[in-house]
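# Close look at the chain arrangement
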Amino acid sequence: MISRKSVLGLALLAGLAACGKPAQKAAGDPNVIRFSIASTENVQAQQKSWTPFLADFSKATGLKVQPYYGSNYTALIEAMRFKQTEMGWFTNQSGLEAVRRSGGEVFARTSKPEGPDGYQSVIVVKKGSGITLDKLLKCDHTINFGMGDAKSTSGTLAPMTYLFAPKNITPGACFKTVKSANHEANLLAVSTGVLDAATNNTQSMVRLASKTEPAAQAAMKNLQVIWTSPTIPEDPMVWRADLDPAIKARIAKFFFSYGVGDSPEAKRQRAVLKEIETGPFHPADASHLLPVREMEATELLIEAKNKNDPTAIAKAQAMLDAVHAEQKAKAGS
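Residues numbered from 1 in each chain as written. Predicted model: local features only at pLDDT ≥ 70, side-chain atom pairs only at ≥ 80, totals over all residues. Heavy atoms only, no water.

Close approach of charged atoms allows side chains with opposite charge to pair. Applying the stated rule across the entire model yields 18 salt bridges. In this structure, Glu-97 and Arg-101 form a salt bridge, with 3.8 Å as the shortest nitrogen-oxygen distance. Taken as a pair, Glu-97 and Arg-101 lie in helix α4 (residues 92–101) at a separation of 4 residues, close to a single helical turn. Under the relative-accessibility criterion, Glu-97 is labelled buried at 12%. Among the charged side chains, a salt-bridge network with shared partners connects Glu-78, Arg-81, Glu-97, Arg-100, Arg-101, Lys-151 and Glu-296. (Salt bridge = Lys/Arg side-chain N within 4 Å of Asp/Glu carboxyl O. Helix = DSSP H or I, 4+ residues; strand = E, 2+ residues; numbered from the N terminus. Buried < 20%, exposed > 50% of the residue type's maximum accessible area, 1.4 Å probe, protein only.)

So, in structure tokens, the structure goes:
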């Protein structure tokens, strides 16, 4: 990982918000922005990766940027809901919840540092274990299974939508045990045999493969993918809809110019972005969440049909029809 050891970076790191809860903000202080980040790996590693970007964010905007490393996506949603954070990096599903429940508004999305945008949900097993997808789906209560955070798109929603719900499978009734953890923890648990299989995503596997520690390298050699989902859109960046428009403008100017161009500074910025696993940010709006809304409605429709519940079928179908109408309107605009 790259770590700029500038005075500014060290000063910002020293002033980080406590990892367990959002920092307190003086009433009416518009120059403090509390930025939430999900802890998909250990917080120390994330601090090292994020400090250069947050330092640049603060310097360019004149805002005091305080990071909040949430232990799970629900913590991030609730922090925004109770006005303990002003913005954050969410997954698609948790971003949808932040918009619905926390006064959030999508304003940007991430991008791939290299290659096409998007990523896939996966299910991994330990190499040589003999566990195939067919064996996994037997539901004979012999598999210790790992799921992602309940609000994780790739760790929960995608496998439920594309794999389990169509087969009328409820993980809790299918496997010997079901445990929920972050992506890195699930990869390591499978590689060491603590879990027999777990959900994950291609981005987390790339992140683990990029680490030079012997444990990370050994873990990657022990993992095998037995299922891959359709492509999932990149992650949304969400700010509170009621944030001061002047502050929004300063933030947007920074986000949409950072790492753009061919200058030496832009190249340095892209190297910083690569450490937090994104390329330059792109403008986005509520339509970015249409694919995850479609996944959500599809899962509900499949479950309702499996239960032969006419009322639930009608409700889920109406949700899906509404999403398709919005997608059609978006395509024609």
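A word on the state of the cysteines. Inspection of every chain in the model, using the stated rule, returns 1 disulfide. Paired through a disulfide, Cys-139 and Cys-174 show a sulfur-sulfur distance of 2.0 Å. In this structure the cystine formed by Cys-139 and Cys-174 twists about its S-S bond by roughly -90°; its chirality is therefore left-handed. With Cys-139 in the loop between α5 (133–136) and β6 (144–147) and Cys-174 in helix α7 (residues 171–174), this pair connects stretches of sequence that are 35 residues apart. Residue class for Cys-174 comes out buried when judged on its relative accessible area of 1%. (Disulfide = S-S within 2.5 Å.)

In this structure, the largest pocket spans a volume of roughly 1,000 Å³. Residues that form the lining of the largest pocket fall into these classes: 13 nonpolar, 19 polar and 14 charged. (1 Å grid on protein atoms, 1.4 Å probe; cavity = no way out; pocket = protein on both sides within 12 Å on 5 of 7 lines; lining within 4 Å. Points joined across faces, edges and corners; volume = space filled by probe spheres on them. Nonpolar A, V, L, I, M, F, W, Y, C, P; charged D, E, K, R; others polar.)

Before going further, it helps to spend a moment on the sheet that holds strand β2 (residues 64–70). If you trace the 6 strands from one edge of the open sheet to the other, you get β2-β1-β3-β10-β4-β11, paired in mixed fashion. Each having just a single partner strand, β2 and β11 (282–283) make up the two edges of the open sheet. In the sheet, strand β1 (residues 32–38) pairs with β2 via 7 bridges, with the strands oriented parallel. Among the inter-strand pairings, Ile-37 is bridged to a residue of β2, identified as Tyr-69. (Pairing = 2+ DSSP bridges.)

The final tally for this structure, using the stated rule, is 21 aromatic pairs. Between Phe-53 and Phe-255, the aromatic rings sit 5.8 Å apart at their centres with planes inclined by 80°, giving edge-to-face as the arrangement. Here the residue Phe-53 occupies a position in helix α2 (residues 43–61), and Phe-255 occupies one in helix α11 (residues 245–257), the gap between them amounting to 202 residues. Residue classification places Phe-53 among the buried residues on the basis of a relative accessible area of 0%. Ring geometry for Phe-53 versus Phe-281: centroids 6.0 Å apart, planes at 50°, classification tilted. Of this pair, Phe-53 sits in helix α2 while Phe-281 sits in the loop between α12 (264–275) and β11; the two residues are 228 residues apart in sequence, bridging distant segments of the chain. Each member of the pair, Phe-53 together with Phe-281, is buried. Each residue in the set Phe-35, Trp-50, Phe-53, Phe-57, Trp-89, Phe-107, Trp-239, Phe-254, Phe-255, Phe-256, Tyr-258 and Phe-281 is aromatic and connected to the rest through ring pairs, giving one cluster. (Phe/Tyr/Trp six-rings, centres within 6.5 Å; stacked < 30°, edge-to-face > 60°.)

Right, let's talk about unusual backbone geometry for a bit. If a residue is not glycine, its phi is most likely negative; likewise, a peptide bond is most likely trans. With phi around 60°, His-141 is a residue other than glycine that occupies positive phi space. By the secondary structure assignment, His-141 is in the loop between α5 and β6.

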